[in-house]
Amino acid sequence: MTAPFDPDAPFDPAWMDQYVVPNYGRYQIWPERGEGPYVWDRDGKKYLDFAGGVAVCPLGHSHPEVADAISRQAHTLMHVSNWYCIRQQAELARLLVERVMQIPGKCFFCNSGAEANEGLIKLARRYGVTRPLPDGSPRYEIITFTGSFHGRTFGAMSATAQAKIHGGFGPIVPGFVYAPFNDIDALKAAITDKTVAILLEPVQGESGVHPVTPEFLRAAADLCKSNDMLLLLDEVQCGLGRTGTLGGWRTIIPGDEIKPDAISWAKSIGSGFPLGSFWIQDRPVGDEGQGQLCDLLGPGSHGTTYGGSPLACTVGLTTLGVILRDDLAAHSAKLGAQIAADVSAWKNPCITSVRAFGMMIGFELNAALFDNHPAVIASGRPASIWLARQLLDIGMMVVPAGTHVVRWLPPMNIQEGHVAEGLQLFRQALDATTAAA
Ligand SMILES: Cc1ncc(COP(=O)(O)O)c(C=O)c1O
């Protein structure tokens, strides 16, 4: 009998262009195998992977405890419908509530970051129906911020305050109001009687690792309280320890001063297995007996076929279990600070600033140097994409952000030796760039 899929069967690279929708601008590199922070391509070339699948692999590749857990659970029970009770969902939700949030609440499970944000958007809409305007019409406006990225589904895309993300798909979902990030007066001015929520990333990732300021986060939380609005945090990229604390917003304001109403996660939670989630705080919806916020999405209001399967939640439990057991948030904070200090000390003219939050690090590229660099001009690509390509050539994966930032999003469990290797490769690429400028 022939195997249904033979990974050693003849393969033609042209099939990628012939059969796959061309929506990604891909580097022509074919990763085939990974271990820890390393990836090997089909020609056997080794890369230090400090992209981590865009912040997806907190434990690196092929982590033995994750791989074993997947295999065990796949041999036991991969999927059952949410018509039934799923033990691993309850366990993962408990871990997220008690250890990550440390604020009473409840969780929902889905498959991606965009989908988790769709849940936050639906929660806000439901809140606005439950607590409407005096004439009974729903409040539905959600304020989001310049530089944000919330995903590619229709709601999440419409929430994303970037015209280039909406381009060619209009009309987008109504009800999103975009305000400049970290501008308290502009935020106040954006609030109307229809505003029902504020949605922000504590550390914006796609725009180039830009943190919310403590003053702005505090003001947003206060405005939510005084205007009966929900404070929604998108921690899809910055959550679960990556920035050096288990809650990304606690990297900005430590402790319990800020209590979000709801928060979305994906990426790090699943080690690369499709898993997303959102948490909703357990607090009264209002003082008129409308129940608890975490119960607002009642039976029939929301769902997804695959969300929270025994397999997905086993991966989440194992991944989060390792992050907690090995205190990888604190480890990330320490290494991130060390990387920032080392790179800043080089005083390399290619880099104008380093923004490091644990294992989420943005290097701002010197626009004057890169935009006048003969090789960058000849490539026709933005500086960030050009530099990421140079690094690939010497065996290092990083992620461009916008035109002038490259990000490092390494596994949270890398060791000092990996950091030294990354610094050496990065310095080599920067020195070569400077020499040819
Ligand atoms: C902050 C943030 N939110 C949402 C998303 C969308 O997540 P996904 O691609 O899993 O839908 C991303 C992806 O990069 C993200 O960085």
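Residues numbered from 1 in each chain as written. Predicted model: local features only at pLDDT ≥ 70, side-chain atom pairs only at ≥ 80, totals over all residues. Heavy atoms only, no water.

J.: Looking at this structure, how should I read the domain arrangement of the protein?
T.: Where the parts come together, the accessible area they lose is often given as the size of the interface. When its domains are assigned, the protein resolves into domain 1 (15–62 + 327–436) and domain 2 (77–325). Here the C-alpha centre of domain 2 lies 28 Å away from the C-alpha centre of domain 1. The junction of domain 1 with domain 2 conceals about 2100 Å² of combined surface from both sides, 64% of it contributed by carbon and sulfur atoms. Considering only the side of domain 1, the residues that lose the most area to domain 2 are L59, F357 and M360, jointly responsible for 29% of the buried surface there. Counting every contact that joins domain 1 to domain 2 gives one salt bridge. A salt bridge links E206 to R407; the shortest N-O distance between them is 2.9 Å. Seen at the junction of domain 1 and domain 2, the total is 13 residue pairs in polar contact (both at pLDDT 80 or more). Broken down by class, the residue content of the side of domain 1 that touches domain 2 amounts to 19 nonpolar, four polar and four charged. (Domains from an automatic or database assignment. Buried area = accessible area lost by both parts, 1.4 Å probe. Salt bridge = Lys/Arg side-chain N within 4 Å of Asp/Glu carboxyl O. Polar contact = N/O pair within 3.5 Å; in protein donor to acceptor, adjacent residues only side chain to side chain. Nonpolar A, V, L, I, M, F, W, Y, C, P; charged D, E, K, R; others polar.)

J.: Can you walk me through the site of the ligand in this structure?
T.: Taken together, the neighbourhood of the ligand is formed by 13 residues, with G113, A114, D234, Q237 and K267 sitting nearest. Residue Q237 places a side-chain N or O atom 2.8 Å away from an oxygen atom belonging to the ligand. Protein chains shield 81% of the accessible area of the ligand, which is 390 Å² for the free molecule. Among the residues making up the shell around the ligand, the classes are represented as three nonpolar, six polar and four charged. (Near = heavy atom within 4 Å. Areas by Shrake-Rupley, 256 points an atom, 1.4 Å probe, with all protein chains shown as cover.)

J.: What am I meant to see in the packing of helix 12 (residues 328–346) against helix 16 (residues 416–436) here?
T.: A pair of packed helices can be characterised by two numbers: the angle between their axes and the separation between those axes. Between helix 12 and helix 16, whose axes approach to 11 Å, the crossing angle comes to 30 degrees. If you check the angle between helix 12 and helix 16, you find them roughly parallel. Relative to helix 16, the crossing made by helix 12 is right-handed. Residues K334, L335, Q338, I339, D342, V343 and W346 of helix 12 form the contact with helix 16, whose participating residues are E416, V419, L423, F426, R427 and L430. Across the contact of helix 12 with helix 16, the residue classes break down as eight nonpolar, one polar and four charged. (Axes fitted to C-alpha atoms, helices over the stretch in contact; angles between N-to-C directions. Helix = DSSP H or I, 4+ residues; strand = E, 2+ residues; numbered from the N terminus. Parallel < 35°, antiparallel > 145°, perpendicular 65-115°, else oblique. Left-handed = near helix turned anticlockwise from the far one by under 90°. Contact = heavy atoms within 4.5 Å.)

J.: In this structure, what is going on with the nonpolar core? I would like to understand it.
T.: Buried together is how nonpolar side chains tend to be arranged in soluble globular proteins. Formed by 99 residues in total, the largest nonpolar core has its most connected members in L387, W408 and F426. The biggest single contributor to this core is helix 11 (residues 310–325), with eight residues. Looking at which domains feed residues into this core, each of domain 1 (15–62 + 327–436) and domain 2 (77–325) gives three or more. The contacts of F426, once residues within four sequence positions are left out, are W346, I351, F363, L387, L391, M396, V406 and W408. If you look at the next biggest cluster of nonpolar residues, it comprises 23 residues, including C110, L123, L293 and C294. (Core = buried A, V, L, I, M, F, W, Y, C linked by side-chain atoms within 4.5 Å. Buried < 20%, exposed > 50% of the residue type's maximum accessible area, 1.4 Å probe, protein only.)

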